[in-house]
Amino acid sequence: MTDWWRGAVIYQVYPRSFQDSNGDGIGDLPGIMRRLDHIASLGVDCIWLSPINQSPQRDMGYDVSDYKEVDRLFGSLEDFDDLIKRAHALGLKVIIDQVLSHSSDMHPWFRESRLNRTNAKADWYVWADPRRDGSPPNNWPSVFGGRAWEWNPSRGQYYFHNFLIEQPDLNFHNPDVQDAVLDVMRFWLERGVDGFRLDTVNYYFQDKLLRNNPPARRPKHLPYAVNPYDMQDHKFGKSQPENVGFLKRVRKLLDQYPGTTTVGEVGDSHRGLQLMEEYTSGGDKLHMAYTFDMLGPEFTAEHFRTKMAKFFVGAPNGWPCWSFSNHDVNRHMTRWAPYSRSPADLAREAAAMLLSFKGSVCLYQGEELGLPEADILFEELTDPPGIRFWPEYKGRDGARTPMPWEEGEAPNGFSSAKPWLPVKPNHSALNVAAQNADPDSTLSFYRKALAFRRAHPVFASGDIEFLKVAEPLLAFRRTGTDDAITCLFNLSADPLTVTLDGGEGLEPLELSHGAERRKSKLKLEANGFAFFATSEMKV
Ligand code: TEU
Ligand code: CA
């Protein structure tokens, strides 16, 4: 029972945009409770709640001002307890986001720390003296643009922030800080959560000497082609070796609560794979690493093959958590639209693929509806990096708009008021009610695909082996002790015929789509895919 998370399917809820219950246009915990049946009906194992802690919401809750309180926007601790109870009753685990790398600048810890250099929390954040000319201590930039150092006149020092100015980084070199955040985790474990999604898990420590970052070996082009952040290799501002020791402390705590898990968000374009290995090997640190590998524009067989193969070779004892969409990136229906002629075909193929990979999986709310990125106007934008880099980078609000639940007009049952972000007409049309009524909808397909994954345990626990085939075919085998499935995907908008060798007489399994076998020939329609119950098949 303790390893339920291996191969689990986790459904990410973005609370602001799931369901509003009190008519303020913002989703909340009672709203999520109202819609729990929807999540349960999908057949997922677990819910991941994006941050619900008290927060000034400068970065939509990723800036916490009280780690042991629920923001009033979302409800109360009692609502939270109810939610856990009801989710558990439906057989759903619940993990919550923990944003420990930085707090809000409104957190009492920071308000004290910034006063002077002698208070009790003086060393809880990353403070540094200016250089002789008054400039910041080094060249570190912020992920969200500009420099990562903010001047504080009362201390006559700079403080460091990987993200917004309002998100000062905690100083994990200080053991009191480590104790304090472990105490926060204990608080939620005691309340019955099944674990944590650890935000920016490789950002906890900075180089003690605050050395300058070197230039990037290979400038990254996405998603911030316009952001100077991408021009550096962040060797010193994050991803420090000390983190491993801290993650061991985290694991010791989690091990006192059997059946709990952690999935750490590992974002480092230069040493991501190495970190995932370091953080998840050995069974004494993180349980899972959430990867950024499949959140980009690439939709080629080679891309998926190498990302997966690399993980299992580079981190043989680690465990990945894959996803195609989340609240930070353009939804995959939009990113990968060029590889398909029909959105429904793309949605189906992506779901079938993600759910047949080796690893755990995060689905992001709305992807089960096939939602594309919403077209947000500049006037509607709330996301700080979007506002800063518009129009080259349009920010993250297009992936964060409310769920369309009911038929009819926007906001389709999400709220009785004007929602914090609009529901656009193309989202209205993809509402849950309409798709529930249609056996051929994307939503119905997700349910089938999740049932298929459940019915074949080899998907959650088996090995993966890639077949040597040419683009645009992605072909692999999942093999377990007494189950084997060969999986074939046409990653293009044109039909494809392949010759099968072995598995004579086998027809594609039920979940297959746009696949027709005639003797040794298999025709895959645009974005078609086929599953065969055999390990003997070659292509
Ligand atoms: O994201 C971490 C992260 O690396 C992001 O900066 C990501 O690269 C960016 O959003 C562009 O896609 C986490 C959270 O998921 C994000 O919502 C927060 O804004 C960020 O941490 C700071 O807490
Ligand atoms: Ca509300």
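What counts and how
Residues numbered from 1 in each chain as written. Chains lettered and ligands numbered in written order. Predicted model: local features only at pLDDT ≥ 70, side-chain atom pairs only at ≥ 80, totals over all residues. UniProt positions renumbered as here; feature names shortened; annotations may be inferred. Axes fitted to C-alpha atoms, helices over the stretch in contact; angles between N-to-C directions. Helix = DSSP H or I, 4+ residues; strand = E, 2+ residues; numbered from the N terminus. Parallel < 35°, antiparallel > 145°, perpendicular 65-115°, else oblique. Left-handed = near helix turned anticlockwise from the far one by under 90°. Contact = placed C-beta atoms within 7 Å. Nonpolar A, V, L, I, M, F, W, Y, C, P; charged D, E, K, R; others polar. Domains from an automatic or database assignment. Core = buried A, V, L, I, M, F, W, Y, C linked by C-beta atoms within 7 Å. Buried ≥ 20, exposed ≤ 12 C-beta atoms within 10 Å, placed from the backbone. Near = placed C-beta within 6 Å. Pairing = 2+ DSSP bridges. Expected span 1.5 Å × (residues − 1). Arc of directions from axis to C-beta.

Going by an unreviewed UniProt entry, the protein carries the name Alpha-glucosidase and comes from Devosia insulae DS-56. The protein has a UniProt comment under Sequence similarities (unreviewed entry) that states "Belongs to the glycosyl hydrolase 13 family."

Peer 1: Help me understand the packing of helix α7 (residues 272-280) against helix α8 (residues 301-314), please; the structure alone is not making it clear to me.
Peer 2: The N-to-C vectors of α7 and α8 enclose an angle of 45°; their axes lie 9 Å apart at closest approach. When the axes of α7 and α8 are compared, the pair comes out oblique. Seen along the crossing, α7 lies across α8 with a hand that is right-handed. Between α7 and α8, the contacting residues are Leu273, Met276 and Glu277 on the first element and Lys310, Phe311 and Gly314 on the second. Here the contact of α7 with α8 is built from residues that sort into three nonpolar, one polar and two charged.

Peer 1: It is not clear to me how the domain arrangement of the protein should be interpreted in this structure. Could you clarify?
Peer 2: When the parts come together, some accessible area is lost, and that loss is often what is quoted as the size of the interface. Each domain of the protein was delimited in the assignment, giving domain 1 (9-101 + 193-203 + 231-453), domain 2 (102-169) and domain 3 (463-532). With centres defined by C-alpha atoms, the gap from domain 1 to domain 3 works out at 29 Å. Contact with domain 1, which involves 23 residues of that partner, is made by 17 residues of domain 3. Secondary-structure elements contributing two or more residues to the side of domain 1 that touches domain 3 are α8, α10 (343-354) and α14 (442-455). If you tally residues by element for the side of domain 1 that touches domain 3, the top one is α8, at seven residues.

Peer 1: What is the right way to read the nonpolar core from this model?
Peer 2: One recurring pattern in soluble globular proteins: nonpolar side chains tend to sit buried together. Ranked by size, the top nonpolar core spans 138 residues in total, and within it Ile47 and Val94 carry the most contacts. Looking at this core element by element, the count peaks at seven residues for α10. For Ile47, the residues in contact, after removing those within four places along its chain, are Tyr11, Val13, Ile39, Ala87, Leu92 and Val94.

Peer 1: What am I meant to see in the site of ligand 1 here?
Peer 2: Taken together, 12 residues are adjacent to ligand 1, and Tyr62, Val143, Phe163, Gly267 and Asp328 come closest. When its residues are assigned to classes, the shell around ligand 1 shows six nonpolar, three polar and three charged.

Peer 1: Would you explain the pairing of strand β1 (residues 9-13) in this entry?
Peer 2: The side chains of a regular strand alternate, residue by residue, between the two faces of the sheet. Among the five residues of β1, five are classified as buried, and the element is accordingly described as predominantly covered. Inspection of the sheet shows β1 paired to strand β13 (residues 360-364) by four bridges, in the parallel sense. Its bridge partner being in β13, Ile10 is matched across the sheet by Cys362. Direction of pairing for β1 relative to strand β2 (residues 46-49): parallel, over a ladder of four bridges. Bridge pairing links Gln12 to Trp48 in β2.

Peer 1: Quick question: what am I supposed to make of the sheet that holds β2 here?
Peer 2: Sheet strands associate in pairs through backbone hydrogen bonding, adopting either a parallel or an antiparallel arrangement. In space, the eight strands of this closed barrel follow the order β1-β2-β5-β9-β10-β11-β12-β13, with parallel pairing throughout. In this sheet, adjacent strand axes meet at a mean angle of 25° when their direction is disregarded. Relative to strand β11 (residues 288-290), strand β10 (residues 261-265) is paired through three bridges, and the arrangement is parallel. Looking at β11, one finds that Val263 is bridged to Met288.

Peer 1: Looking at this structure, I do not really get unusual backbone geometry. What am I missing?
Peer 2: Negative phi characterises most residues that are not glycine, and trans characterises most peptide bonds. For the bond from Trp390 to Pro391, the omega torsion is 0°, close enough to zero to count as cis. In this fold, Pro391 is placed in the loop between α11 (384-389) and α12 (425-428). Note that the residue after Glu471, namely Pro472, is joined by a cis bond; omega there is 0°. In this fold, Pro472 is placed in the loop between β14 (463-466) and β15 (473-479). In this structure, Asn527 takes a positive phi of about 55° despite not being glycine. Residue Asn527 is classed as buried on the basis of its 28 C-beta neighbours within 10 Å.

Peer 1: Help me out: how do you make sense of the sheet that holds strand β7 (residues 149-152) in this one?
Peer 2: Strand order in the open sheet made by the three strands is β6-β8-β7, with antiparallel pairing throughout. The sheet is open, and its two edges are formed by β6 (127-128) and β7, each paired on a single side.

Peer 1: Looking at this structure, I do not really get helix α5 (residues 175-190). What am I missing?
Peer 2: Note: α-helices contain 3.6 residues per turn, so residues at a spacing of three or four share the same orientation. The end-to-end C-alpha distance of α5, which contains 16 residues, comes to 22 Å, matching closely the 22 Å that a straight helix rising 1.5 Å per residue would cover. For α5, the set of buried residues is Val177, Val181, Met185 and Trp188. Seen along its axis, α5 keeps its buried residues to an arc of 75°; they face one direction. Turned more than 90 degrees away from the buried face of α5, the exposed residues are Pro175, Asp176, Asp179, Asp183, Phe187 and Glu190.

Peer 1: Is there a simple way to think about α10 in this case?
Peer 2: Over its 12 residues, α10 extends 16 Å from the first C-alpha to the last, a length consistent with the 16 Å expected when each residue adds 1.5 Å. Within α10, 10 of the 12 residues are buried, which leaves it mostly tucked inside the rest of the structure. Listed as buried for α10 are Asp345, Leu346, Ala347, Arg348, Glu349, Ala350, Ala351, Ala352, Met353 and Leu354.

Peer 1: In this structure, what is going on with the environment of Phe312? I would like to understand it.
Peer 2: Along the chain, Phe312 turns up in helix α8. Judged by the 17 C-beta atoms lying within 10 Å of it, Phe312 is partly exposed. Expressed as a C-alpha distance, the spacing of Phe312 and Leu189, which sit 123 residues apart in the sequence, is 30 Å. The residues touching Phe312, leaving out its near neighbours within four places in the chain, are Lys358 and Ile464.

Peer 1: Sorry if this is basic, but what is going on with the environment of Glu504 here?
Peer 2: Relative to the assigned elements, Glu504 resides in the loop between β17 (496-499) and β18 (513-518). What makes Glu504 exposed here is the crowd of 11 C-beta atoms within 10 Å.

Peer 1: I'm lost on the pairing of strand β5 (residues 93-98) in this one. Help?
Peer 2: Taking burial as the measure, the six residues of β5 include six buried ones, the bulk of the element. In the sheet, β2 pairs with β5 via four bridges, with the strands oriented parallel. What sits directly across from Trp48, in β5, is Ile95.

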